[in-house]
Amino acid sequence: MIKKRIAVLFVLAGFLMACVLPAVVPVTTTVTPPPSATPRPTRTPRPTRTPIVVPTATVDAQAQAFGGPLLEAIAGVEPDLTDELSQDLGWSGHYGGPTGDGGYTEHYSDDFILVQDGFIQAVDDGERVYTHMFRPAFNNLRNYVVMVEASFLDSGGIFRDRGIGLCWSPGDEYGEVFLLHQSGFFQGYTCSGPGGDCPRFTEGTTAPVRTGEVVTLTMIHLRGESAVYVNGIPFAYHRLVIANPGSGFTLCPHTYDGRQTDIAYDNLQVWNLDTIPGLP
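This text gives an overview of the structure that appears in the document. (Residues numbered from 1 in each chain as written. Predicted model: local features only at pLDDT ≥ 70, side-chain atom pairs only at ≥ 80, totals over all residues. Heavy atoms only, no water.)

## A few points about the environment of Gly118
Alright, step 1. Looking at the element boundaries, Gly118 is found in the loop between strand E6 (113-116) and strand E7 (119-122).
Alright, step 2. Residue Gly118 is classed as buried on the basis of its relative accessible area, which comes to 5%. (Helix = DSSP H or I, 4+ residues; strand = E, 2+ residues; numbered from the N terminus. Buried < 20%, exposed > 50% of the residue type's maximum accessible area, 1.4 Å probe, protein only.)

This is how it looks when you write it as structure tokens:
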């Protein structure tokens with residue numbers, strides 16, 4: 001395990017609240033007050049998790065060319081930020097989903113975040129599409145590598161429509177998302193703002209991820225370029241021409257079937273690339 005309320009940057013929240021699939025992009029937005037504080041539920045013990053290698057048919061060559069040298073640059077370098085997730089070090093966030101009448105609801109609170117037993121999870125999220133979880137320490141990061149482990153917990157079926165997600169803010173009011181669904185479908189897309197379009201920059205299919213198995217997501221971001229690796233394999237690359245750089249990332253589990261996501265993240269590590277000399 002690695003070492004770990006709210007100072008929400010409204011710009012970051014604005015970028016990331018748009019990060020949902022185009023099919024559920026809001027037509028109108030209704031902001032509701034945060035729910036009253038309720039006791040956080042305790043989670044039933046998670047199953048024994050087994051590290052796996054998720055294969056992919058095609059290595060993304062651009063992701064490899066961009067990310068490879070940066071991963072080499074941080075090899076052997078202690079992370080700038082770590083979180084063992086054994087205690088809550090100031091996690092907060094927001095979540096949202098369709099209201100059923102063509103509108104959209106956003107909630108800002110930390111009552112839905114459970115940090116326990118070395119993991120972080122969104123709870124009571126069955127009726128929402130996405131959840132963003134973050135710490136203030138992440139908000140000012142502009143160029144960085146984030147590595148985190150995640151697993152699908154109790155599900156009731158391997159092909160449930162839910163995805164392990166990482167979201168980030170490259171700049172110019174864009175928000176970007178990478179999602180790995182339990183079925184093995186993966187996708188990356190860029191949203192242009194609340195209610196804006198969310199075109200995909202990558203999609204594909206890999207092996208399904210069985211309940212309880214561990215995957216490692218690595219996201220690399222440097223000056224408008226981003227790459228995502230799954231278990232060390234480069235899956236996705238995207239480049240944006242950015243005039244005003246953004247900052248920050250979130251852990252963003254998604255679900256589309258109206259049920260609890262049951263996605264646990266742990267072993268979070270972050271390297272600030274602005275502190276690494278000699279980068280291109």
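## Some thoughts on the pattern of salt bridges
Alright, step 1. Scanning the model with the defined rule gives three salt bridges in all.
Alright, step 2. With a shortest N-O distance of 2.4 Å, Arg210 and Glu213 are connected by a salt bridge. (Salt bridge = Lys/Arg side-chain N within 4 Å of Asp/Glu carboxyl O.)

## Notes on the state of the cysteines
Alright, step 1. Per the counting criterion, the structure on display carries two disulfides.
Alright, step 2. Disulfide pairing is shown between Cys167 and Cys252; the S-S distance is 2.1 Å. Residues Cys167 and Cys252 are joined through a disulfide that is right-handed, its torsion about the S-S bond being 95°. With a gap of 85 residues between them, Cys167 in strand E10 (residues 162-171) and Cys252 in the loop between strand E17 (249-251) and strand E18 (254-255) connect regions that are remote in the sequence.
Alright, step 3. What makes Cys252 buried here is its relative accessible area of 0%.
Alright, step 4. Here Cys191 connects covalently by a disulfide to Cys198, the sulfurs 2.1 Å from one another. The sign of the S-S torsion, about 110°, decides the handedness of the disulfide formed by Cys191 and Cys198: right-handed. Accessibility assignment for this pair places Cys191 and Cys198 in one class, buried. (Disulfide = S-S within 2.5 Å.)

## A closer look at the packing of aromatic side chains
Alright, step 1. The tally for this structure, following the rule as stated, stands at six aromatic pairs.
Alright, step 2. For the pair Trp91 and Phe138, a centre-to-centre distance of 5.5 Å together with 70° between the ring planes defines the contact as edge-to-face. Taken together, the residues Trp91 in the loop between strand E3 (81-83) and strand E4 (92-98) and Phe138 in the loop between strand E8 (130-134) and strand E9 (144-152) connect sequence positions 47 residues apart. In this pair, the class of Trp91 matches that of Phe138, namely buried.
Alright, step 3. Relative to Phe249, the ring of Tyr144 lies with its centre 5.6 Å away and its plane at 35°, an arrangement referred to as tilted. (Phe/Tyr/Trp six-rings, centres within 6.5 Å; stacked < 30°, edge-to-face > 60°.)

## Some remarks on the pairing of strand E12 (residues 185-191)
Alright, step 1. Taken across its seven residues, E12 has six buried, putting it largely inside the fold.
Alright, step 2. Relative to E12, strand E11 (residues 174-181) runs antiparallel, the two sharing six bridges. Note that in E12 the partner of Gly175 across the bridge is Cys191.
Alright, step 3. Between the antiparallel neighbours E11 and E12 lie three residues, among them Gly184 with a positive phi of about 105°.
Alright, step 4. Direction of pairing for E12 relative to strand E13 (residues 200-205): antiparallel, over a ladder of five bridges. Each residue of the ladder has a partner; that of Tyr189, found in E13, is Arg200. (Pairing = 2+ DSSP bridges.)

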